[in-house]
Structure formats: structure tokens, C-alpha cells
Amino acid sequence: KKCNITIFGGGNGAHVLSGLSSDVINANVTVVDTFQDEAERWTKAMAENGFTVKYGGGNDLVQAAGKPKFTVTKEVQKNVVNADVVILCMPAFLHEMVLTSVAPHVPETCPIVGLPGQPGFEYQALYHLRENGKKGSVVSIETLPWACRISKYGQEVDVIGTKECIYYSLVDQQTSGYFGAGLVQLVQTLLGAKPVLKREENIIKYTFLYRPTVHPPLMYAKWKNWDGKPLDAAPLFYQGADDEAVKYLDGATNEMIKIADFLQTKYPDMDFSGISSMQDCFIGEYPEQIKDKSTLLTCLKTNQAYDGLVHPMKKTEDGKFIPDFKYRYLMEDVPYGLLIIKQIAEMADFPTPIIDEIILWAQTKLDAEYLKDGKLCFVDRKRGRIPMAFGIKTLDEFVNFCK
Ligand code: NAD
């Protein structure tokens, strides 16, 4: 029997995933893209010009014009009722909208996969499934398997890099259909040999491993004293770091490590090991590319993998540059990362002065109020993913919810 796979999304990652998974024998892939006229554009482009996932070096995956192996549509309900697996492949701020429209219609045991899920996806997806009496499993994959960019919409996507190994978390609610190891094996088959999917059992630790303590501190250190004047060029993001950047990068990360150490004493049966310092983390990820590993600052400045990576900027009318505070470095990593760490810290009764300082600045750029008088405010589910928005107010509730 064919496996009905419904992919939600229409961006870079969704292009790669659709191409790869529809190439798998017995996978019947439908892409649901509700955004603007993307579904029509994608369908038309693919019919006229075929569909290519470009790796270069003769390894491209090509589907010929007029013979697409998957369909793209705007219709949600029709393509969800018979799904064996639903995969969300989109930025995290869209998850609430999609889960709200999907959960009432999925079969009772249909699993939901966040690819990527990013911190908090587990309880958000479980919340929507349970609200609708559904028992599907939830898989959250930490990040997108590829660095990728669409070169021609609906027709061609470039894979710039593929990760070696990525973590996922899994919550099983039932024992029929696709669940557990079989479900993960299916996702692995869709992705191919790489990246290798590795399970992280501890949901709280999984949230820490995502490291929302990289982008927001670097943004904060660079722009907190910005005078508002446009720049002639975009500054380097990692290689342009200075002592101030290190102070916040290390500061926020060390607060996270301290919370993990505390949780280890509170929950001795859960494993919180291996949440390394920022410096060790960079060295672990780029063992070959970092030329001078002596300090965190030299790791940032001499990492060749970061050559040319600049701050997210917008162009002004006269060709100058201003920072783009709505880019995912703040827009995703604060409401779908740092705020979750902040609530875990609050639930553990742990102060986080540096993380607070970063959130207080970031919220002015994101036009939201997340922190007030040192306390986390309630955040609407459409604008963030803090546990309390899903009824989780204590650490025990957090751990038990994701079981
Ligand atoms: P993307 O930026 O390509 O997503 C854009 C797509 O999202 C649009 O094409 C549209 O289909 C949908 N969309 C945007 N706004 C919408 C709206 N208001 N309503 C409905 N749909 C809307 O995303 P991506 O590059 O595929 O990345 C997916 C996730 O993976 C993101 O969280 C990203 O940060 C992360 N990520 C991406 C890369 C990469 O190389 N692309 C690498 C690592 C992690």
C-alpha cells in the first residue's frame, strides 16, 4: 500500500523535501501550500519545466516536465483526511495556524512531524491533537536538514549543504499506524542517508540543544547602541563579533547551562549532560574550519564556514543598509526559543539577568511585550510558543504533558 504523505509548506525547505520524498517508492506525496498564489505558481512551473533539486556535481534529482511525482494544492481538509503522515516544513510562526486547520481533520492515529519543529513544537502539536481527540505521535526535528535556497520558484531549489546528523524528539500516544521507530524510519527514508536522525529523549534538554542563545545575543550586542544611521555595508555576523558579543553569547549560554545543572539535581532520572559551553559547541560543530580555537572570540572570528555571513539587513532607498530586526534571528529565536528557556528558568525559580536583558531589547524590535517587571507575560499562541499558553505552568506539567 502507498503511504500518503502530506507536506505543508511552500518555501526553500518544502521544495527540497517534496522533491526528495516524492522520489521514494510507495510514497504518495501531496504538498499543501495555502500562501497567496504559491500553489498555482508551483503547479504551473513544474508542469512546464519539471522539478529539480540541485546538489551540483552530477547528483541533481530531476523530475521531467509534465511528469511531476507530487501534486501541489491549496486544499487542506481533502488532503489531510487520508494522510498517513503530516509533515510541517515552514517557519515556526506558521505552526499555530497550520495545526489549527489540520488537527480537526487528520485520521485519529496520523502522526505530525515538525521538520523543523524547533523548541516547543511537541506540546503545541500535542495540544491541538488532544483538543480534537486525536492520538497521533509527534516528532520534532531540531532544524532543517539542508541549507537551501529556491532558485526558480516551483521548479528549482539549490541544496548548499546537508547536515551530518540532527536530533529529534518523539512523543508516542498510540501503538498503531505509524509511530515510534517505524515512524522515524519512514522520515529517515524520505530524507535519504543524511542527515542521520538521532533521538533526544529528554524534551527539556532538546529545547536547550536548539541553542536560541546564539542569534539573539549577537544581534543585541551589535545593535543595542546603534544610532539609527544607515550603514554603507552589511557587517559580518559571526566574524565581526567583539568582546561585547562574547559577553552576551557566553552569558546567555552559561545561564542555560546553570538551569540544566539545576534540573539535573531535581530530575536525576533525566539526562541533562552534554550541554556544552558556546566555545566547545562551535569547536564541535566546525572542527576543521576554525583556525584558532583558543577563545570563543577567535572561534567566531576564524571560522571559515562563516566567511561572508553578514547581519540581516534591509536596503534603504539610497542603497545603504539598516538592520532587519524582523529576520528569523529575532523573529523566530526569541518567541520560539529564548522565551521558552525563560519560562523553564522561571518554573525552576532561576534568575536569568542576561537573557532578560536581551529579551527586553528584542521585544521593542518585535513590537511585543514578553517581559514586564522581570516576569514573563502571557504570550498569545499566535505570537509565540511559551508553555503557559498551552496550560503548562510547572516543570512537572511540562514533563508530563510531553509523555
Ligand atoms: P522559508 O523562508 O522559505 O518559508 C517561506 C514560506 O513560508 C513561503 O514561501 C510560504 O510558503 C510560507 N509563508 C510565509 N509567510 C506566510 C504566511 N503569512 N502565511 C502562510 N504561509 C506563509 O522557510 P525555509 O527556508 O524553508 O525554512 C523553514 C524553517 O527552517 C525556518 O524556521 C528556517 O529558519 C529554518 N532553517 C532554514 C534553513 C535554510 O537554509 N533555508 C536552514 C536552517 C534552518
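It should be noted that the structure appears before, not after, this text.
These numbers come from a predicted model, not from an experiment.

**So, unusual backbone geometry**
Note the cis peptide between L115 and P116, where omega equals 5°. Turning to its location among the elements, P116 is positioned in the loop between β7 (112–114) and α5 (121–131). Between K194 and the following residue, P195, the backbone shows a cis peptide bond with an omega angle of -5°. Considering the arrangement of structural elements, one finds P195 in the loop between α6 (180–191) and β12 (196–199). Backbone geometry places D367, a non-glycine residue, at a positive phi of 50°. Looking at where D367 falls in the secondary structure, it is placed in the loop between α14 (353–365) and β15 (371–372).

**Structural notes on the sheet that holds strand β5 (residues 70–73)**
Spatially, β5-β2-β1-β6-β7-β8-β11-β12 is the arrangement adopted by the eight strands of the open sheet, whose pairing is mixed. Of all strands in the sheet, those with a lone pairing partner are β5 and β12, marking the two edges. The mean inter-strand angle of the sheet, taken between neighbouring strand axes irrespective of direction, is 25°. The strands touched by α5 within the sheet are β6 (85–88), β7, β8 (138–141) and β11 (165–171), with β8 carrying the most contacts at an inclination of about 155°.

**A short note on the nonpolar core**
Judged by nonpolar contacts, the single largest core of 92 residues is most densely connected at F8, I204, F208, L263 and I344. In terms of residue count, the dominant contributor to this core is helix α9 (residues 243–266) (10 residues). In this structure F8 touches V32, V76, V80, V86, I87, L88, C89, M90, V98 and V102, once residues within four positions along its chain are discounted.

What counts, and where the lines are drawn
Residues numbered from 1 in each chain as written. Predicted model: local features only at pLDDT ≥ 70, side-chain atom pairs only at ≥ 80, totals over all residues. Heavy atoms only, no water. Helix = DSSP H or I, 4+ residues; strand = E, 2+ residues; numbered from the N terminus. Pairing = 2+ DSSP bridges. Axes fitted to C-alpha atoms, helices over the stretch in contact; angles between N-to-C directions. Contact = heavy atoms within 4.5 Å. Core = buried A, V, L, I, M, F, W, Y, C linked by side-chain atoms within 4.5 Å. Buried < 20%, exposed > 50% of the residue type's maximum accessible area, 1.4 Å probe, protein only.

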